[in-house]
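# Observations on the three-dimensional arrangement
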Amino acid sequence: MNAMWSEARARVSHRLATHLSVEPFRLLNETPMVSFTFDDIPKSAATTGARLLEDHDARGTFYISGGLVGTETSDWTAVDGQDIIDLHRNGHEIGCHTFSHARACDLDAEALAAEIAGNRSYLRTLDASIKLKNFAYPFGYGSFGRKGQLKQAFQSCRSIVPGVNSGTVDLQFLRAMPLIEHGIDRDEIERAYDQAQIHNGWLIFYTHDVANRPSAYGCSPDLMSHALEAAAKRNIPVLNMAEALLCAGV
Ligand SMILES: [Zn+2]
């Protein structure tokens, strides 16, 4: 199959996943909420990012691809096993990406099941009490065909389609805002919180590295601190995905 056809198929699958819900769910949170999530993940997310959350007495969700652990790219150095154990023992949530970071829309049912099983067993070897309850789509690409399967395996799946979640949502395609240095500014962060307050919504941020000179996919500690302080000023609780889902009645 040629690459163009495969990309066209991926786009269609993503579009369908964006608009067609497996089973709509009504969020029952009593107050607006915000979650900070990190994908892949760079070591700076597990150190600087986690520390900033802990300074605000909050915890985050870190979506791990086991296959990326210990790797190094031009963008960042990834976490090692001990970083993941430390996150887990400090009360952060370990979430699931695919093991190899393959997009869900490129995998058939068997291949996706193998990716999830591989990630689960890798993380279990680090600490047997790590349970993966929530998933994030690698590269943000949803898969219409795999949504039902992901619903069986996880409470929620996070996309990178922007928006604030409120009212009736698709738990297998939660919206998220970029906490990315060149993708959002302070005013846009404030507007996202405005939306959360107007609609009693759940604002989910996603990012990667947290560094003074972040990659094109990450943010500075300053921007993350701004987002955390904005939540504190508005009295909006910062909850990881598992905690927020509990408050939403899932
Ligand atoms: Zn990713």
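Residues numbered from 1 in each chain as written. Predicted model: local features only at pLDDT ≥ 70, side-chain atom pairs only at ≥ 80, totals over all residues. Heavy atoms only, no water.

Burial along strand 3 (residues 61-64) is two-sided: Thr-61 and Tyr-63 facing one way and Phe-62 and Ile-64 facing the other are all buried. As defined by bridge partners, strand 2 (residues 33-40) adjoins strand 3 across 4 bridges and the pair is classed as parallel. Residue Asp-39 lies in a different strand from strand 3, and its bridge partner there is Tyr-63. The sheet contact formed by strand 3 and strand 4 (residues 93-96) spans 4 bridges and is parallel. Looking at strand 4, one finds that Ile-64 is bridged to Cys-96. (Buried < 20%, exposed > 50% of the residue type's maximum accessible area, 1.4 Å probe, protein only. Helix = DSSP H or I, 4+ residues; strand = E, 2+ residues; numbered from the N terminus. Pairing = 2+ DSSP bridges.)

Ligation of the zinc ion by protein atoms is provided by Asp-40 (OD), His-97 (NE2) and His-101 (NE2), these donors lying 2.0 to 2.2 Å from the ion. Mapping the donors of the zinc ion onto the primary sequence yields the spacing D-x56-H-x3-H. Of the two residues, Asp-40 is situated in strand 2 and His-97 in the loop between strand 4 and helix 4 (109-126); the sequence distance between them amounts to 57 residues. Comparing Asp-40 with His-97, the two get one shared label, buried. (Donors = N, O, S within 2.8 Å, 3.2 Å for Na, K, Ca; no water.)

By volume, the largest pocket amounts to about 390 Å³. Around the largest pocket, the lining is made up of 21 residues, and of these Asp-40, His-101, Phe-139, His-208 and Tyr-217 lie nearest the centre. Looking at side-chain class alone, the lining of the largest pocket contains 11 nonpolar, 6 polar and 4 charged residues. The computed volume of the second largest pocket comes to approximately 170 Å³. If you trace the second largest pocket, you find it lined by Thr-18, Ser-21, Pro-24, Val-164, Asn-165, Ser-166, Thr-168, Val-169, Asp-170, Phe-173 and Arg-175. Its residues placed into classes, the lining of the second largest pocket shows 4 nonpolar, 5 polar and 2 charged. (1 Å grid on protein atoms, 1.4 Å probe; cavity = no way out; pocket = protein on both sides within 12 Å on 5 of 7 lines; lining within 4 Å. Points joined across faces, edges and corners; volume = space filled by probe spheres on them. Nonpolar A, V, L, I, M, F, W, Y, C, P; charged D, E, K, R; others polar.)

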